[in-house]
Amino acid sequence: MKVNCHLPNNENETVEFDLNPEKTSIHDLKKLIFDKTGTPIHNQIIEMDKKKLTTKYDKKRLSNFKVSENSDIRMMYDIEGGCGGGCDICGLGGGCHCVVQ
């Protein structure tokens, strides 16, 4: 089954994967994204149907999320420690935990 994964970059890149939702876990998907993009698994957040899937979902199968042919999945970068600029836009004194979407 073809699944589209949208990446957070300037080119609005989409990567297509041929997956079996009954056998593929969220962690398996993250490995595939790493293989294609080099984005470390621990920096990936997967979003489906506007729900951000934290690492507690990594062992769940894609079928648990009703993934179907040509489903759109979004990958976001999780930047631990925030931007480092101390901007305090988020109100956390620059010690935030940013997500690039």
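Everything in this summary refers to the structure shown in the same document. Given the structure is predicted, the values throughout are model-derived calculations rather than measurements. (Residues numbered from 1 in each chain as written. Predicted model: local features only at pLDDT ≥ 70, side-chain atom pairs only at ≥ 80, totals over all residues. Heavy atoms only, no water.)

Another aspect to go through is the pairing of strand β2 (residues 14-18). Only one face of β2 is covered, namely the face carrying V15 and F17; the face carrying T14, E16 and D18 is uncovered. With five bridges joining them, strand β1 (residues 2-6) and β2 adopt antiparallel strand pairing. Considered in β2, the bridge of H6 is made with T14. (Buried < 20%, exposed > 50% of the residue type's maximum accessible area, 1.4 Å probe, protein only. Helix = DSSP H or I, 4+ residues; strand = E, 2+ residues; numbered from the N terminus. Pairing = 2+ DSSP bridges.)

Within the chain, D49 stands out as a residue other than glycine whose phi angle is a positive 50°. Looking at the element boundaries, D49 is found in the loop between β3 (44-48) and β4 (51-53). At N70, a residue that is not glycine, the phi angle is positive and equals roughly 60°. Its place among the elements puts N70 in the loop between β4 and β5 (71-79). The class of N70 is partly exposed, set by a relative accessible area of 45%.

Our focus in this paragraph is the side chain of S25. By secondary structure assignment, the location of S25 is in the loop between β2 and α1 (26-37). For S25, a relative accessible area of 6% translates into the label buried. Not counting chain neighbours up to four residues away, the residues in contact with S25 comprise D58, K59, K60 and R61. (Contact = heavy atoms within 4.5 Å.)

This model, assessed by the stated rule, comprises one aromatic pair. Between Y57 and F65, the ring centres sit 5.9 Å apart and the planes meet at 70°, which makes this aromatic pair edge-to-face. The two residues Y57 and F65 agree in class, both being buried. (Phe/Tyr/Trp six-rings, centres within 6.5 Å; stacked < 30°, edge-to-face > 60°.)

What follows deals with the environment of H42. Of note, H42 is situated in the loop between α1 and β3. Given a relative accessible area of 54%, H42 falls into the exposed group. Distance from H42 to D78, taken between C-alpha atoms, is 7.9 Å for residues 36 residues apart in sequence. Within the structure, H42 has its side chain in polar contact with the side chain of N43 (distance 3.0 Å). (Polar contact = N/O pair within 3.5 Å; in protein donor to acceptor, adjacent residues only side chain to side chain.)

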